[in-house]
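# Chains, contacts and geometry: an overview
Letter by letter, the chains look like this.
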Amino acid sequence: MNKRASRAAASGSKTPRRPHGNGALSARDLVRIAKEVLHIEAEGLLTLMERVDESFARAVEWIYASTGRVIVTGVGKSGIVGRKIVATLSSTGTPALFLHPVEAMHGDLGMVRSEDIVLALSNSGETDEINFILPSLRAIGTKIVAFTGNLQSTLARHSDLAIFTGVPREACPFGLAPTASSTAMLAMGDALAVALIKKRDFTVGDFRRYHPGGQLGQRLQTHVMEVMRRGDDIPMVPADCPLPQAIRVMSQKGLGAVLVVDERRKLMGILTDGDLRRALERHTSLVDLQVRQVMSPNPKAVEPDRKVGEAIEIMEKHLVTVLPVLDASRGIVGILHLHDLLGKGQIRFSH
């Protein structure tokens, strides 16, 4: 007996054993496996996209018109997906909560009201715990919407509306562990939430109201003056500037726009990539043009004491990515780019 074995025997412990499995898989093999899984899951989503129909639109209309909440229920992986759907709906203006079907059997059905809409998740549609509570839900009077991969299942047949979330195959090599199917169900939940965002005309301001904490909440509450670019970082040219020179300034500053100012540094207009494209459609050459001939006059702007969330709302409403920051006399004090506000660039706080 060697020394290591002797020490293990003396201490009463067992010699550590190597884990079972295929230790011969190389890094290349593991990368290949990852790509296969992603391919299968993407395949499932693309297939699902072709199956979206009027039942999805009807579910959105029901939830939009409802005075109650969305009660999401599911077991196992579907339950985990359900909790994520609840979180997304709740944070985007649709009141939602998760109801575990086993707990529902033992009294939690008391939280369901007739004005609520139940979203039941089951890939097979034959989950006993969910199907067991369907008669009770019907007795309460709530509408039942199913996310399922089997439109002939018990769940689908006993729901008011069934939305297909099936996939051709699972990424699991045995076809047993929910992988592509749970991804598809999760994606359909996201589609439901985003459709409701559009239907409700949910704004950045509304989002900020539900997210007062965290990095995003802090960013949206920050004042424009704390994140705007200022001084030499502001791309500015006079209205009589030759267009080729203005384009060089635009490229140097990297914002895709330059502000056009008068002799007192008051804002006259803005020159953007879009303005240049439109100019190319109208003129055979840009060499002899001045900025005033192609700029957009009176661009949208924001005051320095406004919140970042308000600036994003202006950008979203008017479909722009750059905002001049002006003082009370329309003097330029800064400039904002959407990427700075959303975090692609480093957010610069003054404190």
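Residues numbered from 1 in each chain as written. Predicted model: local features only at pLDDT ≥ 70, side-chain atom pairs only at ≥ 80, totals over all residues. Heavy atoms only, no water.

All right, on to the overall build of the protein chain then. When its secondary structure is counted, the protein chain shows 15 helices and eleven strands. Taken across its 351 residues, the protein chain has 41% of its residues classed as buried. The contacts of the protein chain with a sequence gap of at least 6 include a subset with a gap of at least 24, amounting to 65%. Accessible area of the protein chain: about 19,700 Å², with a carbon and sulfur share of 54%. (Helix = DSSP H or I, 4+ residues; strand = E, 2+ residues; numbered from the N terminus. Buried < 20%, exposed > 50% of the residue type's maximum accessible area, 1.4 Å probe, protein only. Contact = heavy atoms within 4.5 Å. Areas by Shrake-Rupley, 256 points an atom, 1.4 Å probe, with all protein chains shown as cover.)

Attention shifts here to the environment of V294. Checked against the element boundaries, V294 lands in the loop between α13 (273-282) and β9 (296-297). For V294, a relative accessible area of 3% translates into the label buried. C-alpha separation for the pair V294 and A239, spaced 55 residues apart in sequence, amounts to 9.9 Å. Once you skip the residues sitting within four places of it in the chain, V294 turns out to touch L243, L271, D275, A279, R282 and L289.

With that out of the way, let us pick up the nonpolar core. Grouped together as the largest cluster of nonpolar side chains are 27 residues, with contacts concentrated most on L119, L121, F147 and L192. Leave out the neighbours within four places in its chain, and L192 touches F56, V60, I63, L119 and F147. Of all hydrophobic cores here, the second largest spans 17 residues; its members include V237, A239, L243 and L286. (Core = buried A, V, L, I, M, F, W, Y, C linked by side-chain atoms within 4.5 Å.)

A word on the packing of helix α2 (residues 27-49) against helix α8 (residues 180-200). Packing of α2 against α8 brings their axes to within 9 Å, and their N-to-C directions diverge by 45°. Considered as vectors, α2 and α8 are oriented oblique to each other. The interaxial crossing formed by α2 with α8 has right-handed handedness. Side by side, α2 and α8 meet where I40, E41, L45 and L48 of the first sit next to A180, T183, A184, A187 and M188 of the second. Its residues assigned to classes, the contact of α2 with α8 comprises seven nonpolar, one polar and one charged. (Axes fitted to C-alpha atoms, helices over the stretch in contact; angles between N-to-C directions. Parallel < 35°, antiparallel > 145°, perpendicular 65-115°, else oblique. Left-handed = near helix turned anticlockwise from the far one by under 90°. Nonpolar A, V, L, I, M, F, W, Y, C, P; charged D, E, K, R; others polar.)

Turning our eyes to something else, we now look at the pattern of salt bridges. Counting across every chain of the model gives ten salt bridges. In this structure, K84 engages D190 in a salt bridge whose closest nitrogen and oxygen atoms are separated by 2.5 Å. A residue pair is termed long-range when its members are at least 10 positions apart, and K84 in helix α4 (residues 77-91) and D190 in helix α8 qualify at 106 residues. In this structure D190 comes out as partly exposed when scored by relative accessible area, which is 29%. In this structure, R278 and D275 form a salt bridge, with 2.8 Å as the shortest nitrogen-oxygen distance. You can see R278 and its partner D275 sitting in helix α13, three residues apart, about one turn around the helix. A residue is classified by how much of its surface remains accessible, and R278, at 41% relative accessible area, is partly exposed. (Salt bridge = Lys/Arg side-chain N within 4 Å of Asp/Glu carboxyl O.)

Here we come to the packing of aromatic side chains. Using the criterion set out here, one finds zero aromatic pairs in the structure. The ring of F164 carries the charged tip of R51 above its face, separated from the ring centre by 3.9 Å. Across from the ring centre of W62, 5.2 Å away, lies the NZ or CZ of K143, which sits over that ring. (Phe/Tyr/Trp six-rings, centres within 6.5 Å; stacked < 30°, edge-to-face > 60°. Lys NZ or Arg CZ within 6 Å of the ring centre and 35° of its normal.)

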